[in-house]
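Coordinates in review
Chain residues, written in single-letter form:
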Amino acid sequence: MIRRFRFGLLLLAWLLSVPLQIYAYVSWLAQGRHSADLNRIPGNAVVVLLGAPRESRLGGPNLYYWHRIDATVALYRAGKVQQIIVSDVSPGLLRQDLVACGVPSGLIKLDGADRTIDSVINNRRHGSVLFVSQAFHNERALFMADRLGVSAQGFDAQDVRFPLGILMRIRELGSRIRMLFELPWQ
């Protein structure tokens, strides 16, 4: 009886550790390829702004969304942008907010992809892209880009702090596991 209980505990511990191992592996593979430092970002980039809902589920402003807008505007003001591809279910709102912050609408193209993997696939034709999102999201996008043969880097928008940031990390665990089933493994 005690042996079965110990075996059950070990099995449970192993099963719980797998998502954490996947999370760590994806982060490890993306090391050095994303940064919040404008000086480390190449000029003349094709920027893929990965979308987020404009409003949080609680009804207030979604800080992930607004920090991504701020990061994209900072890239534009630093002269690092060739083109901005807005990737979201409702890219019109992102475009509207970018234009309101001074980004010329002529630089902005709409993608309309509602999942990160669709954004990566839709932008393969550009050869090299720069993802704009929070670091944890950029890591996943870079992992997907590697698997799909896309040359990419990431520019990290400001993250959201505790306690909201913890909830997003838990969601990200599930997203990274789902990603493994969505990607082609040849």
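Above this text sits the structure in question.
Residues numbered from 1 in each chain as written. Predicted model: local features only at pLDDT ≥ 70, side-chain atom pairs only at ≥ 80, totals over all residues. Heavy atoms only, no water.

1. Thoughts on a nonpolar patch on the surface
Where nonpolar side chains cluster on the molecular surface, the patch consists of Phe5, Leu9, Leu12 and Leu16 and spans about 420 Å² of accessible area. Within the secondary structure, Phe5 is located in helix α1 (residues 2-29). For Phe5, a relative accessible area of 56% translates into the label exposed. (Patch = residues over 30% accessible without salt bridge, like charges linked within 9 Å, V, L, I, M, F, W, Y side chains within 5 Å. Areas by Shrake-Rupley, 256 points an atom, 1.4 Å probe, with all protein chains shown as cover. Salt bridge = Lys/Arg side-chain N within 4 Å of Asp/Glu carboxyl O. Helix = DSSP H or I, 4+ residues; strand = E, 2+ residues; numbered from the N terminus. Buried < 20%, exposed > 50% of the residue type's maximum accessible area, 1.4 Å probe, protein only.)

2. Thoughts on the pairing of strand β6 (residues 151-156)
Bridge count between strand β1 (residues 34-35) and β6: two bridges; the pairing is parallel. Across the sheet, Ser35 pairs through a bridge with Phe155, a residue of β6. Relative to β6, strand β5 (residues 128-133) is paired through six bridges, and the arrangement is parallel. Counted as the bridge partner of Leu130 is Gln153 from β6. (Pairing = 2+ DSSP bridges.)

3. With respect to the pattern of salt bridges
Tallied over the entire structure, the rule returns nine salt bridges. With a shortest N-O distance of 2.8 Å, Arg33 and Asp146 are connected by a salt bridge. Highlighted residues: Arg33 in the loop between α1 and β1 and Asp146 in helix α5 (residues 135-148), separated in sequence by 113 residues. A residue is classified by how much of its surface remains accessible, and Asp146, at 40% relative accessible area, is partly exposed. Of the charged contacts in the structure, one is a salt bridge between Arg140 and Glu172, with a shortest N-O distance of 2.8 Å. In this pair, Arg140 sits in helix α5 while Glu172 sits in helix α6 (residues 164-182), placing the two residues 32 residues apart along the sequence.

4. Let's talk about the packing of aromatic side chains
Taken as a whole and judged by the stated rule, the model has four aromatic pairs. Ring centres 6.4 Å apart and planes at 70° place the aromatic pair Tyr25 and Phe143 in the edge-to-face group. Note that Tyr25 is positioned in helix α1 and Phe143 in helix α5, a separation of 118 residues in sequence. Three or more aromatic residues joined by ring pairs make a cluster, and in this case those are Tyr25, Trp28 and Phe143. Over the ring of Tyr23 we find Arg176; its NZ or CZ atom is 3.9 Å from the centre of that ring. (Phe/Tyr/Trp six-rings, centres within 6.5 Å; stacked < 30°, edge-to-face > 60°. Lys NZ or Arg CZ within 6 Å of the ring centre and 35° of its normal.)

5. Topic: the nonpolar core
Residues Val47, Leu75, Ile84, Leu98, Leu130, Val132 and Phe155 are the most contacted members of the largest nonpolar core, which totals 22 residues. Of all the elements in the fold, those that place two or more residues in this core are β2 (45-50), α2 (63-77), β3 (81-87), α3 (91-100) and β5. If one sorts the elements of this core by residue count, α2 sits on top with five residues. If sequence neighbours within four positions are ignored, Leu75 has contacts with Leu38, Ile41, Val47, Lys80, Val81, Leu130, Val132 and Phe155. With 21 residues, the next largest nonpolar core counts Val46, Leu50, Val129 and Met144 among its residues. (Core = buried A, V, L, I, M, F, W, Y, C linked by side-chain atoms within 4.5 Å. Contact = heavy atoms within 4.5 Å.)

6. What to know about α5
The terminal C-alpha atoms of α5, which comprises 14 residues, lie 20 Å apart, in line with the 20 Å expected from a rise of 1.5 Å per residue. Taking burial as the measure, the 14 residues of α5 include eleven buried ones, the bulk of the element. A positive phi of about 75° marks Gly149, the residue just after α5. (Expected span 1.5 Å × (residues − 1).)

7. Comments concerning the environment of Ala24
Note on placement: Ala24 falls in helix α1. A relative accessible area of 43% places Ala24 in the partly exposed class.

Purely spatial values, then, with no claim about function.
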